[in-house]
Amino acid sequence: MATKELQAELLDAKNDATNDAKTKNGKTTNGDYTADSIKVLGGMEAVRKRPAMYIGSTGELGLHHLVYEVVDNSVDEALAGYADKIEVTIHLDNSITVVDNGRGIPVDNMDIDGEKIPAAQVVMTTLHAGGKFDSNSYKVSGGLHGVGVSCVNALSEELELEIWRDGFTWEQTYSKGEPTSKLRKTGAAKVKTGTKVHFVPDKSIFTTTLEYNFDTLSQRLRELAFLNKGLVITLTDERQTDSKTNEAKRTEFKYNGGIAEFIKHLNRGKQTLHDKPIYMEADKDDVHIEIGLQYNDAYSESVFSFANNINTVDGGTHLSGFRTSLTRTINSAGQQMGLFKDVKENLTGDDVREGLVAVISVKLSQPQFEGQTKGKLNSDIAGIVQAVVNEKLGAFFEQ
């Protein structure tokens, strides 16, 4: 019995010593990982705490990404058939204004946890809120996670929203993601319908000087105009003056030829092997596919792939489907025309891509991407792209 009591006392002493080691100034110090360590961040607070998760970086890349997020919403209105003009302006203070003639963000109230809040405010202040989750509003869209414009709002020192719809103008202001005024009706609508977003990036968030690069923005806006034929996108820079007109520098992008014109632009200054780009367009199994390609006398390949206007820099199923089919179709045509000495002789993928300049653009509902930055398309459409290239490119060779 005495032995058991002694063992019990030793065990108690050991536990006390362990507890003393874990406790310091009355607080547990188990690697300082306790319930107090678990932080629950509200939506906008999370974006401000980890901005790079949402916009890629807090440097120049992220700064320009803010503009792309707002413009993408306007392009989605164009894809839905409601907008045909987008205006982007860089102001003297490096703030940005984006205006479109789409439907205008809805202004009617929504019931959020028993509270009536205007839909526009919900879109601007809530992550994963937006019309992209409703396939009736947007059959095809780029912004799929509902974080775009709310992130821009969270990372802006000031943001002014103006909406034109139902014959009226509606306005609301925000700061760092929080409303600083109520959504209010301010008079008759200036235009039939549309949305205007003016924002000043928050200098406490970005590690770079808040200076927008005209050429960087031009490149992306030109790209969007190529990918959406007929859409007019203008970029105005109030910081620079046009020597001819003595007005702010202004560029307009509109390409009725779409991707075929994109290929010509990419091949400018190069010696092309055939005058006209080969252009393919088709709708198959609810996927709209546009492909343009042209060969030049260089050795390298230059291939760009897009899904719902998003540059899929890491490729994906649409790109792999195109590459497989390109090699197969060219080899098939070569065999039929008797261009190969040996029946078994075939060109490799590297052979057929030498000197190739191509753009693959697909538009589909509910695409699946890898990650928030959407660098790679995972939707299972390789077979659809292969079928279209086989058919269209095969027909081209037959002609």
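Cut-offs used in this document
- Residues numbered from 1 in each chain as written.
- Predicted model: local features only at pLDDT ≥ 70, side-chain atom pairs only at ≥ 80, totals over all residues.
- Heavy atoms only, no water.
- Phe/Tyr/Trp six-rings, centres within 6.5 Å; stacked < 30°, edge-to-face > 60°.
- Helix = DSSP H or I, 4+ residues; strand = E, 2+ residues; numbered from the N terminus.
- Buried < 20%, exposed > 50% of the residue type's maximum accessible area, 1.4 Å probe, protein only.
- Lys NZ or Arg CZ within 6 Å of the ring centre and 35° of its normal.
- Contact = heavy atoms within 4.5 Å.
- Polar contact = N/O pair within 3.5 Å; in protein donor to acceptor, adjacent residues only side chain to side chain.
- Axes fitted to C-alpha atoms, helices over the stretch in contact; angles between N-to-C directions.
- Parallel < 35°, antiparallel > 145°, perpendicular 65-115°, else oblique.
- Nonpolar A, V, L, I, M, F, W, Y, C, P; charged D, E, K, R; others polar.
- Pairing = 2+ DSSP bridges.
- Salt bridge = Lys/Arg side-chain N within 4 Å of Asp/Glu carboxyl O.

Visitor: Explain the packing of aromatic side chains here, please?
Guide: Any pair of aromatic rings gets described here by the distance separating the centres and the angle formed by the planes. Counted by the stated rule, this structure contains four aromatic pairs. When the ring of Phe226 is compared with that of Phe262, the centres are 4.6 Å apart and the planes differ by 5°; the resulting orientation is stacked. One end of the pair, Phe226, is in helix 7 (residues 214-227); the other, Phe262, is in helix 8 (residues 259-266), and 36 residues separate them in sequence. Both rings, one in Phe396 and one in Phe397, keep their centres 5.8 Å apart while their planes meet at 65°; by these two values the pair is edge-to-face. For Phe396, a relative accessible area of 39% gives the class partly exposed. Since its relative accessible area comes to 26%, Phe397 is described here as partly exposed. Over the aromatic face of Phe168 sits the side chain of Lys185, whose NZ or CZ is 4.0 Å from the ring centroid. Above the ring of Phe214, the side-chain terminus of Lys249 is found at 4.2 Å from the ring centroid.

Visitor: What should I look at first to understand the environment of Glu162 in this one?
Guide: Inspection of the secondary structure puts Glu162 in strand 7 (residues 156-165). When its relative accessible area of 10% is taken as the criterion, Glu162 is described as buried. A sequence separation of 35 residues divides Glu162 from Val197, and the C-alpha atoms of the two residues are 6.5 Å apart. When residues no more than four places from it in sequence are discounted, the contact partners of Glu162 are Thr169, Trp170, Glu171, Lys190, Gly194, Thr195 and Lys196. Within polar-contact distance, the side chain of Glu162 engages the side chain of Trp164 at 3.2 Å. Within the structure, Glu162 has its side chain in polar contact with the side chain of Lys190 (distance 2.9 Å).

Visitor: Please clarify how the packing of helix 7 against helix 8 should be interpreted in this entry.
Guide: For any two helices packed against each other, one specifies the inter-axial angle together with the distance between the axes. Remark: helix 7 packs on helix 8, axes separated minimally by 7 Å, with the N-to-C direction vectors making an angle of 140°. Compared by their axis directions, helix 7 and helix 8 come out oblique. Residues Arg222, Glu223, Phe226 and Leu227 of helix 7 pack against Ile259, Glu261, Phe262 and His265 of helix 8. Partitioning the contact of helix 7 with helix 8 into residue classes produces four nonpolar, one polar and three charged.

Visitor: Help me understand the sheet that holds strand 15 (residues 287-295), please; the structure alone is not making it clear to me.
Guide: The pairing of strands in a sheet comes from backbone hydrogen bonds and takes either a parallel or an antiparallel form. Taking strand neighbours across the sheet as the criterion, the five strands line up as 14-15-18-16-17 in an open arrangement whose pairing is mixed. Edge positions in the sheet fall to strand 14 (278-284) and strand 17 (310-311), since each of these pairs with one other strand and no more. As paired elements, strand 15 and strand 18 (residues 356-364) share nine bridges and run antiparallel to each other. For Leu293, the partnering residue across the bridge sits in strand 18 and is Ala358. Where helix 8 meets the sheet, it contacts strand 14, strand 15, strand 16 (302-307) and strand 18, and its direction lies at approximately 150° from that of strand 18.

Visitor: Just checking my understanding: could you explain the pattern of salt bridges for this structure?
Guide: Oppositely charged side chains can pair when the atoms bearing their charge come close. Inspection of every chain in the model, using the stated rule, returns 14 salt bridges. Salt-bridge contacts for Glu301 lead to Arg323; the nearest nitrogen and oxygen are separated by 3.5 Å. Remark: Arg323 occurs in helix 9 (residues 317-336) and Glu301 occurs in the loop between strand 15 and strand 16; sequence separation between them is 22 residues. The class for Glu301 is partly exposed, based on a relative accessible area of 33%. Arg353 is the partner of Asp350 in a salt bridge, and the nearest nitrogen-oxygen pair spans 3.4 Å. The class of Asp350 is exposed, set by a relative accessible area of 58%. Connected via shared salt-bridge partners are Glu301, Arg323, Asp350 and Arg353.

Bear in mind that shape data such as this cannot, by itself, settle questions of function.
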